[in-house]
Amino acid sequence: LTILLDLDPEIGLKRAMTRNLQENKMQEEGRFEAESLEFHNRVREGYLTWAALNNDRFIVVNADQTPDEIFEEIKEKVVERIKGDFVTNG
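Because the structure is predicted, anything quoted here is derived from the model rather than measured.

J.: Hey, could you run me through the overall build of the protein in this one?
T.: The number of helices and strands found in the protein is 4 helices and 2 strands. In the protein, buried positions account for 21% of the 90 residues. Sequence separation of at least 24 residues holds for 60% of the intrachain contacts in the protein that already meet a minimum separation of 6. Of the accessible surface of the protein, which amounts to about 6900 Å², a share of 54% is contributed by carbon and sulfur atoms.

J.: How should the side chain of His40 be read in this particular structure?
T.: You can see His40 is positioned in helix α3 (residues 37-53). Every residue in contact with His40, bar those within four places of it in the chain, is listed here: Pro9, Leu13, Phe32, Glu33 and Glu35.

J.: Help me understand the layout of surface pockets in this model?
T.: Taking a probe equal in size to a water molecule and rolling it over the atoms shows the remaining empty space. Its boundaries defined by the atoms lining it, the largest pocket holds a volume of some 520 Å³. Along the walls of the largest pocket sit 18 residues, with Leu5, Leu7, Gly12, Phe32 and His40 positioned nearest its centre. Elements supplying a minimum of two residues to the lining of the largest pocket: β1 (2-6), α1 (9-22), α2 (26-33) and α3. Residue classes in the lining of the largest pocket are distributed as 11 nonpolar, 2 polar and 5 charged.

J.: I tried to follow the pattern of salt bridges on my own but got confused; where do I start?
T.: When the charged atoms of two side chains with opposite charge come close together, those side chains can pair. Under the defined criterion, the tally for this structure stands at 5 salt bridges. Arg44 is the partner of Asp6 in a salt bridge, and the nearest nitrogen-oxygen pair spans 2.7 Å. Highlighted residues: Asp6 in strand β1 and Arg44 in helix α3, separated in sequence by 38 residues. A relative accessible area of 16% places Asp6 in the buried class.

Thresholds, definitions, all that
- Residues numbered from 1 in each chain as written.
- Predicted model: local features only at pLDDT ≥ 70, side-chain atom pairs only at ≥ 80, totals over all residues.
- Heavy atoms only, no water.
- Helix = DSSP H or I, 4+ residues; strand = E, 2+ residues; numbered from the N terminus.
- Buried < 20%, exposed > 50% of the residue type's maximum accessible area, 1.4 Å probe, protein only.
- Contact = heavy atoms within 4.5 Å.
- Areas by Shrake-Rupley, 256 points an atom, 1.4 Å probe, with all protein chains shown as cover.
- 1 Å grid on protein atoms, 1.4 Å probe; cavity = no way out; pocket = protein on both sides within 12 Å on 5 of 7 lines; lining within 4 Å.
- Points joined across faces, edges and corners; volume = space filled by probe spheres on them.
- Nonpolar A, V, L, I, M, F, W, Y, C, P; charged D, E, K, R; others polar.
- Salt bridge = Lys/Arg side-chain N within 4 Å of Asp/Glu carboxyl O.

Below, the structure written as structure tokens:
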């Protein structure tokens, strides 16, 4: 089971840049964040496409929430998946 935390790249980049600045890691960690927004949008679309094509093994979670909300959504979806697999596979 793969859990894909989906987030608009613009929001993700802001989070990453803020974290890197706070932790003084712009030099070591800033390379990926330096890529264009278009690049990040293409990467996101690639992951979402892969998840759609393999929905039997992916759970997509909205990551534009608080950590507690993300945890609850993951927990709910994993439990649903386990119950579904149990019913299907007995």
